[in-house]
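Structure assessment
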Amino acid sequence: MTYSQAIEYLYSLRLFGMKLGLDNTLRLAAAMGHPQDRLRFIHVAGTNGKGSTCAMLESIYRAAGLRVGLFTSPHLVSFAERIQVDRRLIRHEDVARLTDETRAVIAALAAGSPPTFFEVITVMSLKYFGEQKCDLVIWETGLGGPS
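Residues numbered from 1 in each chain as written. Predicted model: local features only at pLDDT ≥ 70, side-chain atom pairs only at ≥ 80, totals over all residues. Heavy atoms only, no water.

1. Focus on helix 1 (residues 3–12)
Think of an α-helix as turning once every 3.6 residues; residues three or four places apart then point the same way. Filter applied, for reference: Residue exposure (1.4 Å probe, protein chains only): buried if accessible area is under 20% of the type maximum, exposed if over 50%, otherwise partly exposed. Here a helix means four or more residues in a row that DSSP labels H or I, a strand means two or more in a row labelled E, and each is numbered from the N terminus. In this description, the arc belongs to the directions extending from the helix axis to the C-beta atoms. Whether two residues are in contact is decided by their heavy atoms: any pair within 4.5 Å suffices.
Within helix 1 the residues assigned to the buried category are Tyr3, Ala6, Ile7, Tyr9 and Leu10. Along helix 1, the residues classed as buried sweep out an arc of 160° about the axis, all on the same side. Along helix 1, the residues that are exposed and aim more than 90 degrees away from the buried face are Ser4 and Glu8. Where helix 1 is buried, its residues touch helix 4 (92–109) and helix 5 (117–131).

What follows is the structure in structure tokens.
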């Protein structure tokens, strides 16, 4: 799978809109080995200032010597902006690989409602941060429609 194919597949998941609850996300995370269980998080939520707060926290912890993952949405220019480690965007090759792996897991699960764009990129991000051995993940939470 190429990066372009991965992005096309991910964006096709926007058809499934927004779903309340964590059932799909937890089911997908379980099938991918519960990557969230090996990570520490600062979870940033609210109406305004989430992006700025995340950027400042990421800079502080990185300056303190930690390996810091950053998950934000939406992106401004490139999908890869959403998933960063030490302020380096996820490589296109890793987006393609993780999308391919996640798509295979989704096909194997088969039962239940199909996961949304955000559910899939959430679990992909968790897996990536685990692979990258992040000491801390700064996680921006968005509420609302697909972003």
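2. A few points about the nonpolar core
Counted only if it meets this: Here the nonpolar core consists of buried residues drawn from Ala, Val, Leu, Ile, Met, Phe, Trp, Tyr and Cys, with membership extended through side-chain atoms lying within 4.5 Å.
Leu10, Phe79 and Phe129 are the most contacted members of the largest nonpolar core, which totals 32 residues. At the level of elements, helix 1, helix 2 (23–31), strand 3 (83–85), helix 4, helix 5 and strand 5 (136–140) are the ones that each hand at least two residues to this core. The biggest single contributor to this core is helix 5, with eight residues. Once residues lying within four places of it in the same chain are set aside, the contact partners of leucine 10 are Phe79, Thr99, Phe117, Val120, Ile121 and Met124. Val44, Cys54, Leu70 and Ile138 belong to the second-largest nonpolar core, a separate cluster that totals six residues.

Geometric descriptors of this kind do not, in isolation, establish any biological role.
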